[in-house]
Amino acid sequence: MSVDAGEGHFVRGGENFSVTDLPGMYALTPHSADERAAVDALMRTEGVILQIIDAAALERSLHLTAALASLHRPMVLALNMADELARRGVRIDVHTLTQLTGLPAFPISARRGEGIDALLAGARHAPVPRGGFDPRAVAAASIATTQCESRDDRIDRIVLRPYVGLPLVLLSVAAALYLSFGGVGMTLKAGFDALLDACIRAPLASFCAHFAVEPHLASFLLDGVCAGVLGVLGFLPQVALLFFCLSVFEDSGLAARMAFLCDPLLSRLGLSGRAFFPLCVGFGCTVPAVMAARVASPRERWVLYFCLPFVCCPARVPVFALITAALFPAAGILPLLLLYGLGLAAALLAAAVLTRIGGQPSEAFVMELPPYRLPHPRTLLAAAWEKCRDFLFRAGTLIFLAASAVWLLENLGPHGFVSLPTDSFLYRVGSLCAAPLAPLGFGNATAVSALLLGFFAKETILSTFGVLAGGLPTGEAVRALFTPASAASFLVFSLLYTPCAATAAVLRRECGARRTAAVVAFNLAVAYAAAWLTYIAAKLLV
């Protein structure tokens, strides 16, 4: 599930090999972002073309083989999963395939590492294709025996029915999210936070105390930079679990079937089944959801960038829970459920509107249904680590600057360092921004300052209430700041504006600064309009 070309180097049999791994494609005429990236990389690179052929889809793969042969470059074929195909009652005559295509073909099992040495030996002497061939005729002549219906076909005949498959999809995604952000994920996060505190924050605090570091500098290092950076690193176990679950879905063959089942529903909104996973991941964390949008087509990806911030992530839940408990104690969890539903409805409605405004036809949704198989642990761990490393690089590079800026705003005023929070630049900026938010019912400096800090991390909203409200307990500060109507408006605004600085950082990496600014402005506009309507409706009802 990638649109990027990856490069690797390894030593086998005393020889050095360099490999460029391209995203999957069906033809040299690109129709999606992954195919476009693959074709561009193919034209830029030199050397032997090694085509990995899915033995279960021989004819379709041979159409690409014929196109690649027209490039007149040394080429060799790797017939992957032939062992699985044999268990399904299908046998491919490799000798006939080699004769008819003019290209050496080697059966391999990438999962078990079988046939790799023979493949590399053949790649050293790969021939240049000299003639064309008919993919359909070659496939028909190369398949020696076949079975009418395989095990996978029997399973798909049941699970690909919408009334069976869709509930299974929801259960699978719910289980992955619960594992990642529920009991197991929270336990791992708590342990990892303690580890980071013991290995980084505590030694840094001891260093500052031992060498009598100037108090403001110590506060900047500990409360600013360290707190901000470690706050992002603390989510690593949960993000790793989530990526591990997604890798299980992908490698087991479930991901393609999930997308296939959801495609009819999403197509009504102008999206395709590719958009299913980014939307689901958004309920866990918006940062990996934005990264997961890379599997979609360019048009869908642009729409998803605008929509994904609306999906409610766990970082907002403590804010919602405390405000609703303080002002709506009799409602129980109903407000939380309504906010989750509102976020998803806003994302889907925005997708439907944006796809119709864009006016571009949706790209054809073509996805292979791979065989069911048991994922290899090493492959899963490697895939999860690769995505985690990407997450840390993309989300963490700007967090240092963001954390530094927040600390400076909180601790500096017009006359230097401040002793009262209400004298800080942050409070003054909040006061300036309060007037435009007055129609929403919470046009006071404390609430606006909390929203400004909430852009960097939603968890800071609660602590800001207490600090700027004179040290009151957070629940009392909330009851002093809001009426039921203004609280409902504040909750809706907090739900729909940009989730955090990490999301903005990843968006900037993915689509550039200008488009990120457009996404943030769109989220703010939708949040403002929805909060205003909520405030008006709440005043009429209360």
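First things first, this report covers the structure right here in the doc.

Rules and cut-offs
- Residues numbered from 1 in each chain as written.
- Predicted model: local features only at pLDDT ≥ 70, side-chain atom pairs only at ≥ 80, totals over all residues.
- Heavy atoms only, no water.
- Axes fitted to C-alpha atoms, helices over the stretch in contact; angles between N-to-C directions.
- Helix = DSSP H or I, 4+ residues; strand = E, 2+ residues; numbered from the N terminus.
- Parallel < 35°, antiparallel > 145°, perpendicular 65-115°, else oblique.
- Left-handed = near helix turned anticlockwise from the far one by under 90°.
- Contact = heavy atoms within 4.5 Å.
- Nonpolar A, V, L, I, M, F, W, Y, C, P; charged D, E, K, R; others polar.
- Phe/Tyr/Trp six-rings, centres within 6.5 Å; stacked < 30°, edge-to-face > 60°.
- Buried < 20%, exposed > 50% of the residue type's maximum accessible area, 1.4 Å probe, protein only.
- Pairing = 2+ DSSP bridges.
- 1 Å grid on protein atoms, 1.4 Å probe; cavity = no way out; pocket = protein on both sides within 12 Å on 5 of 7 lines; lining within 4 Å.
- Points joined across faces, edges and corners; volume = space filled by probe spheres on them.
- Patch = residues over 30% accessible without salt bridge, like charges linked within 9 Å, V, L, I, M, F, W, Y side chains within 5 Å.
- Areas by Shrake-Rupley, 256 points an atom, 1.4 Å probe, with all protein chains shown as cover.
- Salt bridge = Lys/Arg side-chain N within 4 Å of Asp/Glu carboxyl O.

Further remarks concern the packing of helix 24 (residues 484-496) against helix 26 (residues 513-541). Orientation of helix 24 relative to helix 26, taken along the N-to-C sense of each, is 160 degrees, at an axis distance of 8 Å. Of the possible angle classes, the one that applies to helix 24 and helix 26 is roughly antiparallel. By crossing handedness, the relation of helix 24 to helix 26 is classed as right-handed. Contacts between helix 24 and helix 26 pair Ala485, Ser486, Ala488, Ser489, Val492, Phe493 and Leu496 from the former with Asn523, Leu524, Val526, Ala527, Tyr528, Ala530, Ala531, Thr534, Tyr535, Ala538 and Lys539 from the latter. Of the residues belonging to the contact of helix 24 with helix 26, the class tally is 13 nonpolar, 4 polar and 1 charged.

For the rest of this paragraph, the subject is the packing of aromatic side chains. With the rule as written, the count across this model stands at 8 aromatic pairs. Between phenylalanine 306 and phenylalanine 522, the ring centres sit 5.2 Å apart and the planes meet at 85 degrees, which makes this aromatic pair edge-to-face. Of this pair, phenylalanine 306 sits in helix 15 (residues 298-307) while phenylalanine 522 sits in helix 26, placing them 216 residues apart in sequence. The exposure class assigned to phenylalanine 306 is buried, which follows from its relative accessible area of 9%. By relative accessible area, phenylalanine 522 is classed as partly exposed at 23%. Between the aromatic rings of phenylalanine 442 and phenylalanine 493, the centroid separation amounts to 6.1 Å while the plane-to-plane angle is 70 degrees, which identifies the pairing as edge-to-face.

Looking now at the sheet that holds strand 3 (residues 49-54). Judged by pairing direction, the sheet is parallel, and its 3 strands sit side by side in the order 3-4-6 without closing on themselves. Looking at the sheet topology across the chains shown, the edges are occupied by strand 3 and strand 6 (105-108). Mean inter-strand twist for the sheet, computed between neighbouring axes without regard to direction, equals 25 degrees. Note: strand 3 against strand 4 (residues 75-80), 6 bridges, orientation parallel. Of the residues in strand 4, the one forming a bridge with isoleucine 52 is alanine 78. Most of the contacts of helix 2 (residues 58-69) go to strand 3, to which it runs at about 165 degrees, and overall it touches strand 3 and strand 4. Against the sheet, helix 4 (residues 94-101) contacts strand 4 and strand 6, and its axis sits at roughly 145 degrees relative to strand 6.

Turning next to empty space enclosed by the protein. Under the counting rule described, the total for this entry stands at 1 cavity of 30 Å³ or more. Around the largest cavity sit Val173, Ala176, Leu177, Leu242, Leu246, Phe249, Phe277, Cys280 and Val281, which together line it.

Attention shifts here to a nonpolar patch on the surface. On the surface, a cluster of nonpolar side chains totalling about 580 Å² of accessible area is made up of Trp532, Leu533, Ile536, Leu540 and Leu541. Summarising the element assignment, leucine 541 is placed in helix 26. A residue is classified by how much of its surface remains accessible, and leucine 541, at 76% relative accessible area, is exposed.

Take it as geometry only, folks, not as evidence of what the structure does.
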